[in-house]
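Breakdown of the fold
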Amino acid sequence: MKPLTKNMILLFFVVLLAFAPLYIARGAEFSGADTQASEMISTLNSNYSPWFESFWEPPSGEVESFLFALQAALGSGFVFYYIGFKKGKNSMGKRDQT
């Protein structure tokens, strides 16, 4: 099988895996784990009060999503830079040995 054909099949499955859940759960309400956890805690113990409150509340959900995406991008950038740096350092060491 040609590499282009393999890549197209993989791309199809990636798109399918990304959009199938959204199609299947069209009317579902998507909420974060923090919201779900606080709702579950309040149903289990109605007298519970949080230990602390957030010192800054983002002005909108879009800003909160942007900050979360920025944090994820910076974290993955750091991790993959480190992996690439170590791989390059390792290949330079092997090149010096030969």
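Definitions and limits used
Residues numbered from 1 in each chain as written. Predicted model: local features only at pLDDT ≥ 70, side-chain atom pairs only at ≥ 80, totals over all residues. Heavy atoms only, no water. Helix = DSSP H or I, 4+ residues; strand = E, 2+ residues; numbered from the N terminus. Rg over C-alpha atoms; globule rule 2.2 N^0.38 Å. Buried < 20%, exposed > 50% of the residue type's maximum accessible area, 1.4 Å probe, protein only. Lys, Arg positive; Asp, Glu negative; His and termini not counted. Charge placed at Lys NZ, Arg CZ, Asp CG, Glu CD. Phe/Tyr/Trp six-rings, centres within 6.5 Å; stacked < 30°, edge-to-face > 60°. Lys NZ or Arg CZ within 6 Å of the ring centre and 35° of its normal. 1 Å grid on protein atoms, 1.4 Å probe; cavity = no way out; pocket = protein on both sides within 12 Å on 5 of 7 lines; lining within 4 Å. Points joined across faces, edges and corners; volume = space filled by probe spheres on them. Nonpolar A, V, L, I, M, F, W, Y, C, P; charged D, E, K, R; others polar.

Broken down by element type, the protein chain carries three helices and zero strands. In terms of C-alpha radius of gyration, the protein chain reaches 22 Å, well past the compact-globule figure of 13 Å for 98 residues. Each principal axis of the C-alpha distribution contributes one length, and for the protein chain these read about 70 × 35 × 30 Å. Considering the protein chain as a whole, with its 98 residues, one finds that 1% of them fall into the buried category. Averaging the coordinates of the 8 positive side-chain charges in the protein chain and doing the same for the 8 negative ones gives two points 32 Å apart.

For the coordinates displayed, the defined rule picks out two aromatic pairs. Relative to Phe13, the ring of Phe12 lies with its centre 5.6 Å away and its plane at 65°, an arrangement referred to as edge-to-face. Since its relative accessible area comes to 43%, Phe13 is described here as partly exposed. With centroids separated by 6.3 Å and ring planes inclined at 20°, the aromatic side chains of Tyr81 and Phe85 adopt a geometry described as stacked. Pair noted here: Tyr81 and Phe85 are both in helix H3 (residues 61-97), with a separation of four residues, about one helical turn. Given the relative accessible area of 60%, Tyr81 is considered exposed. Residue Phe85 is classed as partly exposed on the basis of its relative accessible area of 44%. In this structure, Arg26 packs its charged tip against the face of Tyr23, placed 4.4 Å from the ring centre.

Take the layout of surface pockets next. If you add up the space inside the largest pocket, you get close to 720 Å³. Lining the largest pocket are 20 residues, with Asp34, Ser54, Glu57, Pro58 and Glu64 sitting closest to its centre. Among the secondary structure elements, those contributing two or more residues to the lining of the largest pocket are helix H2 (33-44) and H3. Across the lining of the largest pocket, the residue classes tally to ten nonpolar, six polar and four charged.

Turning next to the environment of Asn47. Considering the arrangement of structural elements, one finds Asn47 in the loop between H2 and H3. You can call Asn47 exposed: its relative accessible area is 70%. The spacing of Asn47 and Lys6 is 41 residues in sequence and 57 Å in space, taken between C-alpha atoms.

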